[in-house]
Amino acid sequence: MVKKDNVILIGMPGAGKSTLGIVAAKIIGYDFLDADLLIQKQSDKTLQKIIDAMGPDGFIQVENEVLCGIDVHRTVVSPGGSAVYSEDAMKHLSEIGTIVYLKVSLDELMGRLGGLHERGVVMKDGMGGLADIYEERIPLYEKYAEVTIDMDGTTVREAAAKLVDTLSMRGAI
Ligand SMILES: Nc1ncnc2c1ncn2[C@@H]1O[C@H](COP(=O)(O)OP(=O)(O)OP(=O)(O)O)[C@@H](O)[C@H]1O
Ligand SMILES: O=C(O)C1=C[C@@H](O)[C@@H](O)[C@H](O)C1
Ligand SMILES: [Mg+2]
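All values derive from a computational prediction rather than experimental measurement. (Residues numbered from 1 in each chain as written. Chains lettered and ligands numbered in written order. Predicted model: local features only at pLDDT ≥ 70, side-chain atom pairs only at ≥ 80, totals over all residues. Heavy atoms only, no water.)

## Brief notes about the UniProt feature "binding site: substrate" (unreviewed entry) in the chain
Point 1. If you check UniProt for "binding site: substrate" (unreviewed entry), the listed places come out as Asp36, Gly81 and Arg137 in our numbering.
Point 2. Within the fold, glycine 81 resides in the loop between strand S3 (75-78) and helix H4 (87-96).
Point 3. Residue classification places glycine 81 among the buried residues on the basis of a relative accessible area of 12%.
Point 4. For glycine 81, the residues in contact, after removing those within four places along its chain, are Gly11, Pro13, Lys17, Arg137 and Tyr141.
Point 5. Judged by relative accessible area, which is 1%, arginine 137 ranks as buried.
Point 6. A distance of 3.3 Å separates a polar side-chain atom of arginine 137 from the backbone oxygen of glycine 81. (UniProt positions renumbered as here; feature names shortened; annotations may be inferred. Helix = DSSP H or I, 4+ residues; strand = E, 2+ residues; numbered from the N terminus. Buried < 20%, exposed > 50% of the residue type's maximum accessible area, 1.4 Å probe, protein only. Contact = heavy atoms within 4.5 Å. Polar contact = N/O pair within 3.5 Å; in protein donor to acceptor, adjacent residues only side chain to side chain.)

Rendered as structure tokens:
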């Protein structure tokens, strides 16, 4: 059986997967892997270029393949917010780690991101903005979450502490 010794952060763009992933990894002595950077490295293109060239579905396919190939131990993994569109990838990630959903309200995300300008996100046809993405994805984050942490109203430092405390209490690290 594969050892489930990683921590996988999921959640909306701007939920803090990348920001908290590296801070938490330092606190608990794990490695850190930002899967967005892995996609860029393996494709030799920026995320935005992949999305522009292949469209949302093409990007999701690339992301799925890259996530399925992740083979790490004692690592905090931060995929992009769109990872939950890929069933194979989520199956693989849930086999190698504990899936932690960083739950942040739409209001708080709006405040953090100020909309979606300058931030490459997978926006399917007919979607108008962050609220549409939020509505479509919340059931997916909830479906895959083994642990859910409400991060509204926290500073980065408080959120990192909350993440580490929760993981420790759950025996996930
Ligand atoms: N409590 C908090 N926890 C995490 N990030 C916070 C918090 N409060 C504010 N922020 C800010 O919100 C942003 C989170 O962005 P980050 O890139 O980490 O999100 P992400 O979940 O990795 O998104 P993506 O899916 O696009 O990769 C950062 O600018 C960070 O400084
Ligand atoms: O949530 C999203 O749709 C995305 C988030 C980013 O991290 C990247 O993975 C990509 O730009 C898509
Ligand atoms: Mg990120």
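The discussion continues.
## Looking at the UniProt feature "binding site: ATP" (unreviewed entry) in the chain
Point 1. Per the UniProt record, "binding site: ATP" (unreviewed entry) is found at Gly14, Ala15, Gly16, Lys17, Ser18, Thr19 and Arg119.
Point 2. By the element assignment, lysine 17 lies in helix H1 (residues 17-28).
Point 3. A relative accessible area of 6% places lysine 17 in the buried class.
Point 4. Not counting residues up to four positions away in its chain, the partners in contact with lysine 17 are Leu9, Ile10, Gly11, Met12, Ser78, Pro79, Gly80, Gly81 and Leu102.
Point 5. Separated by 2.9 Å, the side chain of lysine 17 and the backbone oxygen of methionine 12 make a polar contact.
Point 6. By secondary structure assignment, the location of serine 18 is in helix H1.
Point 7. Dropping the residues within four chain positions of it, serine 18 is found in contact with Phe32, Asp34 and Ser78.

## Description of the site of ligand 2
Point 1. The full set close to ligand 2 counts 13 residues, and Asp36, Ser82, Gly120, Val122 and Arg137 are the nearest of them.
Point 2. At 2.4 Å from an oxygen atom of ligand 2 is found a side-chain nitrogen or oxygen belonging to aspartate 36.
Point 3. Here valine 122 contributes a backbone N or O atom positioned 2.7 Å from an oxygen atom of ligand 2.
Point 4. Compared with its free state, where it exposes 310 Å², ligand 2 has 91% of that area covered by protein.
Point 5. Of all the elements, helix H3 (residues 47-68) adds the most residues to the shell around ligand 2, at four residues. (Near = heavy atom within 4 Å. Areas by Shrake-Rupley, 256 points an atom, 1.4 Å probe, with all protein chains shown as cover.)

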